[in-house]
Amino acid sequence: MTGTLTIAGLGPGSDALVTPEVSAALAAATDILGYAPYVARVPPRPGLTLHPSDNREELQRASEALRRAAEGGQVVIVSSGDPGVFAMASAVFETLEQAPQWQELPIRVLPGVTAMLAAAARAGAPLGHDFCAINLSDNLKPWTVIEKRLRLAAEADFAIAMYNPRSASRPEGFGRALAVLNEAGCGERLVIFARAISGSDEKIETVRLNEATPEMADMRTLVIVGNSQTRRVGRWVYAPRQAR
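The structure contained in this document is the topic of the report that follows. Bear in mind that the values here come from a model prediction, so they are computed numbers and not experimental data. (Residues numbered from 1 in each chain as written. Predicted model: local features only at pLDDT ≥ 70, side-chain atom pairs only at ≥ 80, totals over all residues. Heavy atoms only, no water.)

Structural notes on the sheet that holds strand β6 (residues 124-125)
Strand pairing in a sheet relies on backbone hydrogen bonds. The paired strands run either parallel or antiparallel. Rules: Here, any two strands with at least 2 DSSP bridges between them count as paired. In this description a helix means any DSSP run of H or I spanning at least four residues, a strand means any run of E spanning at least two, and both kinds are numbered starting from the N terminus.
Read from one edge of the open sheet, three strands run β6-β13-β12, paired in mixed fashion. The open sheet has two edge strands with one neighbour each: β6 and β12 (231-233). Pairing of β6 with strand β13 (residues 236-238), which is carried by two bridges, proceeds in the parallel orientation. From the neighbouring strand, Ala 125 faces β13, where its bridge partner is Tyr 238.

Below is the structure:
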């Protein structure tokens, strides 16, 4: 097989946060596949074909990418952030598991700067101690699982990075998440709302969890709930390195 498949993370939004390794893969690609807004971040050029698709077509996208690579293409699937964090890398390997004819393809996963890490850096160091990441979308898992994980994370006193908090199709989900965390005794914890990090309309707001409202987040927002020791120092927010 002469083709290759690269699964690349474009970072949170700014071109300055795209790694040189990813930039080199994009420059060598014959085909770019991904969710339409992410593909739109790749400039067109001669010899490159862009294949944008809908956000819920991950497995079809993965299958098409594998097929094009098997036919000799230098194929790149793009995700925002890091492709292994709630993104396309898992979808590719899920597809590959059912397609033994493609399992010898040269495949690379190139890391990217996640929204979680970019937001934390803008805010200070809210992930300076133990933390976890939870996707609030219930498209691929039931809400009962999300609620259980939120409660256990609160009980373990993790800082919690919450992805995909509030979409137009499920606007009630984030409100339910806030209620769960309030019921778990997290009302005084600091919460960072980081929207469009590294973009021209970037916005960061920090409040206590019991002051947070669902309307403060949308699908472009990464939410970080601090642990019980997370504190402010000037305009910064950080988690002490030692647990109590």
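Next comes the rest of the description.
Let's talk about the environment of Glu 147
Quick note on the threshold: Type-normalised accessible area, obtained with a 1.4 Å probe on protein chains alone, sets the label of each residue: buried when under 20%, exposed when over 50%, and partly exposed for intermediate values.
Relative to the helices and strands, Glu 147 resides in helix α6 (residues 143-155). We classify Glu 147 as partly exposed; its relative accessible area is 27%. Residues Glu 147 and Ile 160, 13 residues apart in the sequence, show an inter-C-alpha distance of 13 Å.

Focus: the side chain of Thr 230
Threshold: Side-chain atoms alone can form a polar contact between residues adjacent in sequence; in general such a contact is a pair of N or O atoms within 3.5 Å, and within protein one must be able to donate a hydrogen while the other accepts it. Residue contacts are counted whenever heavy atoms from the two residues lie within 4.5 Å of one another.
Residue position: Thr 230 is located in the loop between β11 (221-225) and β12. Within the local environment of Thr 230, its side chain forms a polar contact with the backbone nitrogen of Asn 227, the two atoms lying 2.9 Å apart. In this structure Thr 230 touches Leu 190, Val 237, Tyr 238, Ala 239 and Pro 240, once residues within four positions along its chain are discounted.

Looking at the packing of aromatic side chains
Going by this rule: Note on aromatic pairs: the rings of Phe, Tyr and Trp (six-membered ring only in Trp) are paired at centre separations within 6.5 Å, and the planes decide the class, stacked below 30 degrees, edge-to-face beyond 60, tilted for the rest.
Tallied over the entire structure, the rule returns three aromatic pairs. Between Tyr 35 and Tyr 38, the ring centres sit 5.2 Å apart and the planes meet at 85°, which makes this aromatic pair edge-to-face. For Tyr 38, a relative accessible area of 24% gives the class partly exposed. Ring geometry for Phe 86 against Tyr 163: centres 5.1 Å apart, planes inclined by 65°, an arrangement best described as edge-to-face. Of this pair, Phe 86 sits in the loop between β4 (74-79) and α4 (88-97) while Tyr 163 sits in strand β8 (residues 159-163); the two residues are 77 residues apart in sequence, bridging distant segments of the chain.

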